[in-house]
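Fold and geometry: a report
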Amino acid sequence: MRVEIEDTFRRELSQAMVEAAAADQMELYTNGIAFAGNPRLSVVSAPVAGLETLDFKAILDGRYVLQNTPVMYWYLAGEPLGDRPFPFSDGFYSVVADQQSGIIALRNRNGESVAKGGLDVCIEPPLSGVGPRVAKKAAAGPTVSGKITSVTGTWWPPHIKVCGQVTIKQSGVTVKVKACIDAGF
Amino acid sequence: MREIQERLRRQLSQAMVDAARAEGLSLNVNGIAFDFDSELSVVSAPVAGLETLEANSTLDGRDGLVGQPVMFWYLAGESLDDENVPLSEGFYTVLANQERGTVTLRNSNGNKVAEGRLKACIRPSPPPWPGVAFFSATAHITTLEGNVKHGHGHIKVCGDASVSAFGGSVSIEGCIEVDF
């Protein structure tokens, strides 16, 4: 099942996300694509390319490095979004982080902010005393991965909660950028 | 994009139904949920028959959720590839034991591979008429954590199967957590 279904759909979803993001002048890190769904809501998330070049030292020093910075690209679809008074509809959205205010904006393809939510940036310092295999992996270069940590939707009242995360590992340091949107009624 | 997702849902449903049938289980595939990331993936479907639960008797334990299959899961991902992980890629039945407040994860050989916490919630109030069946059953994946480093790690998967009618719902949540 893993190979036959997951890999096939991972490729197809990646391709659709890359094409949509390209039309929005964005590049994605498709190795980090994540997708989740339930009968009410479906979400696809990919980290935006370039996050691996973040200034980790500045983050460790407590400086703000994410200012109006797209961190994830989402596709959202489902019953609550089809409801007329809902503030946005099925489609592609950029998740734009502002670290100083601790918020993210969900931006539609016209560049309009349609919802705001919470941002968390978490840092895990390098492990001390790791073995040579781990040290070699850490030295191999940055890695970026993505996940969807919450997908809930209700048809009535129309309401959704979607949370996603990007994890960037570089030289043994791990930075997690977490974003949550809670929208509707 | 919607077409891809619908096709994905159909294929996952079919694969789950086939695997469950081989274990003598029937699923409510309209309620299927999934969460795939680069480290851990889960597909969950409620076991058919949950919609016949009665809210009041579920709440006070009379509904007999004792060793009853409530969800059927497929687990996969890189996090399970490590030889120290006590779970492997495959299909699992989640059995509820309300008397003990636990869920058991049983593999396709019928062996218990993990145990976790069970929670039954009634929201916001039970449907008014005893004996009225719920309309549908849906699954949600509420937690998916896989963190495996240097042969040690932590995996946590939580899912719920909920049935609802007339503004009320009964949700049965199971959480499996393994540290190694």
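Residues numbered from 1 in each chain as written. Chains lettered and ligands numbered in written order. Predicted model: local features only at pLDDT ≥ 70, side-chain atom pairs only at ≥ 80, totals over all residues.

**Description of the overall build of chain B**
If you tally the helices and strands in chain B, you get 2 helices and 9 strands. Mapped from its N terminus to its C terminus, chain B presents α and β elements in the order α-β-β-α-β-β-β-β-β-β-β. Relative to its full complement of 180 residues, chain B shows a buried share of 44%. Sequence-distant contacts, at least 24 apart, represent 59% of the contacts inside chain B between residues at least 6 apart. (Helix = DSSP H or I, 4+ residues; strand = E, 2+ residues; numbered from the N terminus. Buried ≥ 20, exposed ≤ 12 C-beta atoms within 10 Å, placed from the backbone. Contact = placed C-beta atoms within 7 Å.)

**Quick look at the overall build of chain A**
Summing up its helical and strand segments, chain A has 3 helices and 9 strands in all. Traced from its N-terminal end to its C-terminal end, chain A shows the element sequence α-β-β-α-β-β-β-β-α-β-β-β. Taken across its 185 residues, chain A has 41% of its residues classed as buried.

**Description of the environment of P85(A)**
Looking at the element boundaries, P85(A) is found in the loop between β3 (67-78) and β4 (91-98). Residues P85(A) and G184(A) lie 99 residues apart in sequence; the distance between their C-alpha atoms is 8.6 Å.

**Describing the interface of chain B and chain A**
Across the contact, 27 residues belong to chain B and 26 residues belong to chain A. Residue assignment for the side of chain B that touches chain A shows that the elements contributing at least two residues are α1 (2-22), β1 (33-36), β3 (66-76) and β7 (136-149) of chain B. Ranked by residues supplied to the side of chain B that touches chain A, first place goes to α1(B) with 8 residues. Residues belonging to the side of chain B that touches chain A are distributed by class as follows: 12 nonpolar, 9 polar and 6 charged. Judged from the 3 bridges that link them, strand β1 (residues 34-37) of chain A and β1(B) form a sheet pairing that is antiparallel. Within β1(B), the residue paired with A36(A) across the bridge is D35(B). (Nonpolar A, V, L, I, M, F, W, Y, C, P; charged D, E, K, R; others polar. Pairing = 2+ DSSP bridges.)

**Some details on the environment of F35(A)**
Looking at the secondary structure, you find F35(A) in strand β1. Looking at F35(A), the number of C-beta atoms within 10 Å reads 27, which means it is buried. Separated by 25 residues in sequence, F35(A) and R10(A) place their C-alpha atoms 8.3 Å apart. If near-sequence neighbours (up to four positions away) are discounted, F35(A) is found in contact with L13(A), V43(A), V44(A) and F36(B).

**Brief notes about unusual backbone geometry**
Residues and elements named next belong to chain A. Of note, Q25 is a non-glycine position whose phi angle comes to about 55 degrees, a positive value. Position of Q25 relative to the elements: it lies in the loop between α1 (2-23) and β1. For Q25, a count of 6 C-beta atoms within 10 Å translates into the label exposed. For S171, which is not glycine, the phi dihedral falls at a positive 50 degrees. Along the chain, the position of S171 falls in the loop between β8 (159-170) and β9 (173-184).

**Quick notes on the confidence of the model for chain B**
In this model, chain B carries a mean pLDDT of 84, and residues with pLDDT of at least 70 account for 83%. The ipTM, which scores confidence in the relative placement of chains, is 0.84 for this predicted complex, and the corresponding pTM is 0.86. (pLDDT = per-residue confidence, 0-100.)

**Focus on the pairing of β3(B)**
Residue and element names in this part refer to chain B. When you tally the buried positions in β3, you get 8 out of 11 residues, the bulk of the element. The sheet contact formed by strand β2 (residues 41-46) and β3 spans 6 bridges and is antiparallel. Directly across from S41, in β3, lies its bridge partner A76.

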